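Listed below, chain by chain, are the residues.
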Amino acid sequence: MQKKYTSLEQVQSAISSGKLSLVELVNHYLENIKKRNDELNVFLEVFEDEALETAAAYDKSIAEGRKPGRLFGMIFGIKDVICLKGHKVSASSKMLENFESIFTATAVERLIAEGAIVLGRLNCDEFAMGSTSEHSFFGPTRNAADPTKVPGGSSGGSAVAVQADMCLAALGSDTGGSVRQPASFCGVFGFKPTYGTISRHGLIAYASSFDQIGVLSNSVEDAALMVEVMAGKDDFDSTLSQRPVPAFSQEIHPEKKFKIAYIKEAMETPGLDPEIRTSIEELIEKLKGDGHEVVEVNFPYLDYVVPAYYVMTCAEASSNLSRYDGIHFGYRNDAAKNLKETYQLTRTHGFGKEVRRRIMLGNFVLSSGFSDAYFSKAQKVRRLVSDATQEILKDHDFILSPTTPTTAFGIGELTNQDPTTMYLADIYTVQPNLAGIPSVSVPLFQHSNSMPFGLQLMANKFEESKLFSFSKYLMKG
Ligand code: GLN
């Protein structure tokens, strides 16, 4: 679809030259939401009055010669797992349907402090578990390119909000691909930083040693600037890197030549759509022609990444989600007659099927007698995957692959099947989360079935600048 603005730079220059006001910009997005939100189920809530009020106040200060910050004009949405004080945050779950945040996530607070405006909260898979955005208590989000298709998940609402021009950018969370996979299915740019880059304070936890907040945007520069603003130490998240945050938005050099690896086993995955494979092969040839070095490497652990990821994330999820007990906060089942029933009935009725499945799986792999066979083994696999990935990245700037083996599935196509079918769709995206490295999905391709799909790149820890530079070069065509 034709979008009015595809970068913050366009927005800011229209505002600075007096052609556009912030109120007009917010209204533009509100109109698009009104047109298609019923059909696509993207925004669970729109903060219309608040956004318009802030926009009017900023218009006034701009007219007086004061810019509200580096992000003025950034109208963005937040995935419904990210807290904003005084607003609901439900993780798209019945469990937290009416829960209200009592503080704002550090990442959001920093964006707001630079003049960005939050437009609303976005639908996703319940507790960020899923690859289709169908596992939401509030019903599935639909892909704007074809509403009979899923947008991917779990940050499906965030991807469609950008795809359908309902906001300029959106925040998602990425535990095993939840920013990059929907970005690929919806034809937008998706970025996940190095683990420990962006504070998780105010992000509802799924699997804490994997979770990172990421960005979905139209332009590489917008993602770079937002990450630059959000990143950096925060007393509320002890896992954050203490390194100074680079000025990512000033370090985008599309002219650079790189050394790139692609994994032989990834290109030979049985479920890989042949047309996707051909597009990647053609791109590899083009890159070589443009002076980049592209080589094939082996990665013998590809078949183990999905099992290791699901064992570990379910284990962490079973622990993280134990707090939803009907006592502390959120939903409580009224029929319960004693404490045990309160736990049982609340958790049985408050969580959806996929979340319950993962809690049970997580409890199983951690239970005595089984934890060595499953959890400890998965930890060892994680170490092997991480070491082997870093070994490749010692000699290469990037590892390149498709983001997803297929284009977007039909609504309902995977939900009635054995859940491992859905899990296997994460084959390319979980490796960076297991290794803690940054990764992007670049919107480069269109399939003959008319759905978009992306190219995934991984880089070594803290090499996000390289990812932004190369993504920019690729998106210029
Ligand atoms: N699809 C993956 C899962 O279901 C990724 C989810 C995520 O990154 N939040 O776990």
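Scroll up to find the structure this text is about.
Residues numbered from 1 in each chain as written. Predicted model: local features only at pLDDT ≥ 70, side-chain atom pairs only at ≥ 80, totals over all residues. Heavy atoms only, no water.

Enquirer: Explanation requested: a nonpolar patch on the surface in the structure shown.
Expert: A cluster of nonpolar side chains, namely I327, L339 and Y343, defines an oily patch on the protein surface of about 270 Å² accessible area. In this fold, Y343 is placed in helix α11 (residues 339–350). Residue Y343 is classed as partly exposed on the basis of its relative accessible area, which comes to 35%. (Patch = residues over 30% accessible without salt bridge, like charges linked within 9 Å, V, L, I, M, F, W, Y side chains within 5 Å. Areas by Shrake-Rupley, 256 points an atom, 1.4 Å probe, with all protein chains shown as cover. Salt bridge = Lys/Arg side-chain N within 4 Å of Asp/Glu carboxyl O. Helix = DSSP H or I, 4+ residues; strand = E, 2+ residues; numbered from the N terminus. Buried < 20%, exposed > 50% of the residue type's maximum accessible area, 1.4 Å probe, protein only.)

Enquirer: Help me understand the packing of aromatic side chains in this model?
Expert: Two descriptors summarise a pair of aromatic rings, namely the distance from one centre to the other and the angle between the planes of the rings. Per the counting criterion, the structure on display carries 21 aromatic pairs. On the numbers, 6.3 Å between centres and 85 degrees between planes, the contact of Y324 with F351 is edge-to-face. Here Y324 is found in the loop between α10 (302–320) and α11, whereas its partner F351 is found in the loop between α11 and α12 (353–366), with 27 residues between them in sequence. Across the pair, exposure class does not vary: Y324 and F351 are buried alike. Put simply, the rings of F99, F127, Y324, F329 and F351 touch in pairs and so form one group of aromatic residues. (Phe/Tyr/Trp six-rings, centres within 6.5 Å; stacked < 30°, edge-to-face > 60°.)

Enquirer: Looking at this structure, I do not really get unusual backbone geometry. What am I missing?
Expert: Of note, the amide linkage connecting G153 to S154 takes the cis form, showing an omega dihedral of 10 degrees. Among the secondary structure elements, S154 is positioned in the loop between β3 (117–122) and α5 (156–163). Even without glycine at this site, S92 takes up a positive phi of about 50 degrees. Along the chain, S92 turns up in the loop between β2 (75–79) and α4 (106–113). For S92, a relative accessible area of 0% gives the class buried. Non-glycine residue F462 carries a positive phi angle of around 65 degrees. Relative to the helices and strands, F462 is located in the loop between β11 (452–458) and α16 (464–475). By relative accessible area, F462 is classed as partly exposed at 31%.

Enquirer: What is the right way to read the pattern of salt bridges from this model?
Expert: Where charged atoms from two side chains of opposite charge approach closely, those side chains can pair. A complete count under the given rule lists 21 salt bridges for this structure. Of the charged contacts, one joins E64 and K60 as a salt bridge, the two residues approaching to 3.9 Å between their closest N and O atoms. The exposure class of E64 is partly exposed, given its relative accessible area of 48%. One network of salt bridges, with partners in common, ties together E45, D80 and R121.

Enquirer: For this particular structure, what's the right way to read the packing of α4 against helix α7 (residues 220–230)?
Expert: Any two packed helices are characterised by how steeply their axes cross, that is the angle between the axes, and by the distance between the axes. Viewed as axis vectors pointing N to C, α4 and α7 meet at an angle of 110 degrees, and their least axial separation amounts to 8 Å. As far as their axial angle goes, α7 and α4 are roughly perpendicular. Here α4 runs over α7; the crossing is right-handed. Of the residues in α7, those in contact with A107, R110 and L111 of α4 are M226, V229 and M230. Of the residues in the contact of α4 with α7, the class split is five nonpolar, no polar and one charged. (Axes fitted to C-alpha atoms, helices over the stretch in contact; angles between N-to-C directions. Parallel < 35°, antiparallel > 145°, perpendicular 65-115°, else oblique. Left-handed = near helix turned anticlockwise from the far one by under 90°. Contact = heavy atoms within 4.5 Å. Nonpolar A, V, L, I, M, F, W, Y, C, P; charged D, E, K, R; others polar.)

Enquirer: When you look at the sheet that holds strand β6 (residues 212–217) in this model, what are you seeing that I'm missing?
Expert: As a general point, the strands of a sheet are linked pairwise by backbone hydrogen bonds and lie either parallel or antiparallel. Strands sit in the order β1-β3-β2-β4-β6-β5-β10-β11-β9-β7-β8 across an open sheet of eleven strands; the sheet is mixed. Where the open sheet ends on each side, the last strands, each with one partner, are β1 (43–46) and β8 (293–297). Averaged over all pairs of adjacent strands, the angle between strand axes in this sheet comes to 30 degrees, irrespective of strand direction. Across the sheet, α4 is in contact with β2, β3, β4 (169–174) and β6; its angle to β2 comes to roughly 175 degrees. Along the sheet, helix α13 (residues 372–395) makes contact with β7 (259–263), β8, β9 (398–402) and β11, crossing β9 at roughly 115 degrees. (Pairing = 2+ DSSP bridges.)

Enquirer: It is not clear to me how the nonpolar core should be interpreted in this structure. Could you clarify?
Expert: The nonpolar side chains of a soluble globular protein tend to be buried with one another. Of all hydrophobic cores here, the largest spans 155 residues; its most connected members are F127 and L171. Per element, the largest residue contribution to this core is ten residues, and it comes from α10. Other than its neighbours up to four places away in sequence, F127 contacts A91, S93, M95, L96, I204, Y206, L321, Y324, F351 and V355. (Core = buried A, V, L, I, M, F, W, Y, C linked by side-chain atoms within 4.5 Å.)

Enquirer: What exactly am I supposed to notice about the pairing of β7 here?
Expert: Regular strands show a simple pattern: their side chains alternate between the two faces of the sheet. A large share of β7 lies buried, amounting to four of its five residues. Bridging between β7 and β8 involves five bridges; their strand directions are parallel. Bridge pairing links I260 to V294 in β8. Of the strand pairs in this sheet, β7 and β9 are connected by three bridges, and their pairing is parallel. Each residue of the ladder has a partner; that of I260, found in β9, is F398.

Enquirer: What am I meant to see in the site of the ligand here?
Expert: Surveying the vicinity of the ligand reveals 15 residues, the closest of which are S131, T175, G176, S178 and Y206. G176 places a polar main-chain atom, nitrogen or oxygen, 2.7 Å from an oxygen atom of the ligand. If the ligand stood free it would expose 290 Å²; the protein chains cover 99% of that surface. Per-class residue counts for the shell around the ligand are five nonpolar, seven polar and three charged. (Near = heavy atom within 4 Å. Polar contact = N/O pair within 3.5 Å; in protein donor to acceptor, adjacent residues only side chain to side chain.)

All we've got here are geometric facts, nothing functional implied.
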